[in-house]
Amino acid sequence: MTDPAVADTRRLNSKPQDLTDAYGPPSNFLEIDVYDPQIVGVGRNRYTNYEVRMRTNLPIFKLKDSCVRRRYSDFEWLKNELERDSKIVVPSLPGKALKRQLPFRGDEGLFEESFIEERRSGLEQFINRIAGHPLAQNERCLHMFLQEESIDRNYIPGKV
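Throughout this document, residue positions are counted from 1 along each chain, in the order its sequence is written. The predicted nature of this model means local features are confined to residues of pLDDT at least 70 and side-chain atom pairs, given and counted, to a pLDDT of 80 or more, with totals for whole chains, interfaces and linings taken over all residues. Hydrogen atoms and water are omitted, and side-chain values are computed over all heavy atoms in the structure.

- An unreviewed UniProt entry lists the chain under the name PX domain-containing protein, with Perca fluviatilis as the source organism.
- UniProt positions are given in the numbering used here, feature names are shortened, and annotations may be inferred rather than shown by experiment. Regarding the chain, the relevant UniProt record gives this comment under Sequence similarities (unreviewed entry): "Belongs to the sorting nexin family."

1. A short note on the sheet that holds strand β1 (residues 30-40)
- For two strands to be treated as a pair, DSSP must find no fewer than two bridges joining them. In this text, helices come from DSSP runs of H or I with a minimum length of four residues, and strands from runs of E with a minimum of two, each type numbered from the N-terminal end. Taken together, the three strands give an open sheet; going across it, the order is β1-β2-β3, and neighbouring strands pair in antiparallel fashion. Each edge of the open sheet is held by one strand with a lone partner, namely β1 and β3 (65-71). Strand-to-strand twist of the sheet, defined as the mean angle between neighbouring strand axes without regard to direction, takes the value 20°.
- Note that strand β2 (residues 47-56) and β3 share seven bridges and pair antiparallel. In the sheet register, Arg 53 faces β3, and the bridge partner there is Cys 67.
- Each of β1, β2 and β3 touches helix α2 (residues 72-85); the most contacted strand, β3, lies at about 105° to it.
- Throughout, a contact is declared for two residues whenever any of their heavy atoms are within 4.5 Å. Inter-axis angles, ranging from 0 to 180 degrees, are taken between N-to-C directions of lines fitted to C-alpha atoms, where helices are fitted over the stretch in contact. Across the sheet, helix α3 (residues 113-131) lies against β1 and β2, angled at about 150° from β1, the strand it touches most.

2. Quick look at the nonpolar core
- Counting 30 residues, the largest nonpolar core has Phe 75, Leu 78, Ile 127, Leu 142 and Leu 146 as the members making the most contacts within it.
- Those elements that place two or more of their residues in this core are β1, β2, α2, α3 and α4 (140-147).
- The leading source of residues in this core is α3, at six residues.
- With residues near it in sequence (within four places) discarded, Leu 146 still touches Ile 32, Val 52, Met 54, Phe 61, Ser 66, Val 68, Ile 127 and Ala 131. Note on terminology: a nonpolar core comprises buried Ala, Val, Leu, Ile, Met, Phe, Trp, Tyr and Cys residues joined through side-chain atoms within 4.5 Å. Here the term buried applies to any residue with accessible area under 20% of the maximum for its type, exposed to any over 50%, and partly exposed to those in between, with areas from a 1.4 Å probe on protein chains only.

3. Quick notes on unusual backbone geometry
- Phi at Asp 36 takes a positive value of approximately 50°, unusual for a residue other than glycine.
- Note on Asp 36: relative accessible area 32%, which makes it partly exposed.

This is how it looks when you write it as structure tokens:
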């Protein structure tokens, strides 16, 4: 006689995992890498841009593999668009490094290798947190940022 108030603690019968399941492609994945920083321009018009590569099998993205170049101000644009138009809490970007922009420094400032790597890592964390959020994945600005060669800053915000 079983008491309905007592929880059923029997194990579920699941099929054993085989090598195809263990080492096959994941059912849903989204991988975004920020890499290959390049310094562009000269003098006061110098900036660093990064390659942003996305690979996914999520049906919401029209391209399954894309690669675009973005600079820090593009990441700022994405953050501002998401804060304005979506209901998600947007993580912070790595800092602006205002002190590194001062003249007469003894180092390369914004273009010092260690700073560029630190910023690259922070930008990669930022974009992965955003893109991994199910509500952000519906935003047109995220799709434009990840998949289109140039960002149309006059686009009409909305869902994909």
